[in-house]
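# Structural characterization, general
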Amino acid sequence: MSELHGGPGALFAIGGAEDKLKKRTVLQEFVEAAGGSKARIVVVPTASALGPDVVDVYHALFAALGAQSVVGVRPENREDADDPAFIAPLHDATGIFMTGGNQLKLAGVVTGTAFGRAVTAAHARGAAVGGTSAGASILAEHMIAFGRSGATPRQRMSQLSNGLGLVQGAIVDQHFAQRNRYGRLLSLVAQSPGLLGIGVDEDTAAVVRGTHLEVVGRGAVTIFDGSRITSNAHHASRSEPLLASGVVLHVLPATATFDLQARVLLSYGAQPPAEEIAGLEAAEADLRKLAAEIAAEGVSPKYYADRKKRAGRRTAKAVRPVAAGESRPEATEPITAGAELDTPDRFDPDSGTA
């Protein structure tokens, strides 16, 4: 796989707790998107409360998955984030990965600084940019700084901050099903219906390429579309439950693809190779032709099958030995439509059977 292809790179919003020990599907996909064996990945652990260990972990993981090089860059404040020494590694990166941790800290250090602009520029020239947990939320134009868990959307349930704006017109939440964050994401959609709410489960990635989102991993991506919502968010007070009627819900498992601009499902399930699809289409055309021919005669395939069975039984009866005192029937007994006792059923075009 080549280092970079023309145009913006892929975006990986990972819901946290990605598998680091077994299949490592999500991280493998990120390395491939960053260039595979030519990937040069910069790990940004600014959100994490852990020390150098967090960089060591991802260094080992990405190296084991085939990346050419992995380095850590950790701006701790806005002064660091405007320092050319912290920014320089981003210029040659084919992949930038932001770890989990405190998302408000990450936003406070990165957004609106030279470091944040360098991340955006790297993405524009084709680098894959991803993050897990806090690193996923900051990819969006508006990010959740903090909030409460719960299934019921309530007023003042969460707080927004600025994100990098790489995913436009959306809010990304993480650890979604595992930490019961349905209510807080839905409350934000009720307050800002123009934004899509995207909730990503653990060990799952919402991979965005252009306007298309594809799901990778073992969980699901939940999308709230409030385009036609009816809500009382404009006058609900304090922590009152919010009215959220008419929200369109999409729960997307692995392989599902969604159009973020048109807000519609595009595909789901494993897609067979092109030659296999062509073969299936040809077989389907043959079946349609056969069904049309049978239907034109006004009888079902079952009628012909039953008729053949009865003919076989009559032939067997005709050739069996004759018992003493029993008269022998003709060896061959003509079979005509008039000899049938039942009326043929009409063909059912939906099932292909009677």
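Structure: above.
We now turn to the structure provided with this report.

### Observations concerning empty space enclosed by the protein
Tallied over the full model, the rule gives 2 cavities of 30 Å³ or more. Taken together, A13, V167, V172, I198, A206, V208 and L213 form the lining of the second largest cavity. Mapped onto the lining of the second largest cavity, the elements with two or more residues apiece are β8 (167-174) and β10 (204-209). Grouping the constituent residues of the lining of the second largest cavity by class yields 7 nonpolar, no polar and no charged.

### Here's the deal with helix α1 (residues 25-33)
For α1, the full list of buried residues reads V26, L27, F30, V31 and A33. Down the axis of α1, the buried set is contained in an arc of 165°. They therefore lie on one face. Phi for G35, located one or two positions after α1, is positive at around 125°.

### Here we look at the packing of α1 against helix α2 (residues 53-64)
Two measures define how a pair of helices packs: the angle their axes make with one another and the distance between the axes. Their axes nearest at 10 Å, the elements α1 and α2 cross at an angle of 70°. Put simply, α1 runs roughly perpendicular to α2. Facing α1, whose interface residues are L27, F30 and V31, α2 presents Y58, L61 and F62. Classifying every residue of the contact of α1 with α2 gives 6 nonpolar, no polar and no charged.

### A look at the packing of aromatic side chains
Scanning the model with the defined rule gives 8 aromatic pairs in all. Ring centres of F30 and F62 lie 5.8 Å apart, and the angle between their planes is 40°; on these two criteria the pair is classed as tilted. Linking F30 in helix α1 with F62 in helix α2, this pair joins segments that are 32 residues apart in sequence. F30 gets classed as buried once you look at its relative accessible area, which sits at 0%. Among the aromatic residues, those joined into a ring-pair cluster are F12, F30, Y58, F62 and F97.

### Details of the sheet that holds strand β7 (residues 158-162)
On the basis of which strands lie adjacent, the open sheet formed by 6 strands has the order β7-β6-β8-β9-β12-β15 and mixed pairing. If you trace the sheet from one side to the other, it starts and ends with β7 and β15 (248-253), each paired once. Going across the sheet, the axis of each strand differs from the next one's by a mean of 25°, ignoring polarity. Strand direction decides the pairing type here: strand β6 (residues 140-147) and β8, joined by 3 bridges, are parallel. By the bridge assignment for β8, H142 is matched with I171.

### Some details on the environment of N162
By the element assignment, N162 lies in strand β7. Between the C-alpha atom of N162 and that of M143, which follows or precedes it by 19 residues, the distance is 5.8 Å. In this structure N162 touches A107, T111, E141 and M143, once residues within four positions along its chain are discounted.

### Focus on the sheet that holds strand β1 (residues 11-14)
Sheet architecture is open: 9 strands sit in the order β3-β2-β4-β5-β1-β10-β11-β16-β17, paired in mixed fashion. The open sheet is flanked by β3 (69-72) and β17 (264-267), the only strands paired with a single partner. Between one strand and the next, the sheet's axes are offset by a mean angle of 20°, whatever the strand orientation. One ladder, built from 6 bridges, connects β10 with strand β11 (residues 212-217); its direction is antiparallel. Along β11, the bridge assignment pairs T204 with G217.

Analysis parameters
Residues numbered from 1 in each chain as written. Predicted model: local features only at pLDDT ≥ 70, side-chain atom pairs only at ≥ 80, totals over all residues. Heavy atoms only, no water. 1 Å grid on protein atoms, 1.4 Å probe; cavity = no way out; pocket = protein on both sides within 12 Å on 5 of 7 lines; lining within 4 Å. Points joined across faces, edges and corners; volume = space filled by probe spheres on them. Helix = DSSP H or I, 4+ residues; strand = E, 2+ residues; numbered from the N terminus. Nonpolar A, V, L, I, M, F, W, Y, C, P; charged D, E, K, R; others polar. Buried < 20%, exposed > 50% of the residue type's maximum accessible area, 1.4 Å probe, protein only. Arc of directions from axis to C-beta. Axes fitted to C-alpha atoms, helices over the stretch in contact; angles between N-to-C directions. Parallel < 35°, antiparallel > 145°, perpendicular 65-115°, else oblique. Contact = heavy atoms within 4.5 Å. Phe/Tyr/Trp six-rings, centres within 6.5 Å; stacked < 30°, edge-to-face > 60°. Pairing = 2+ DSSP bridges.

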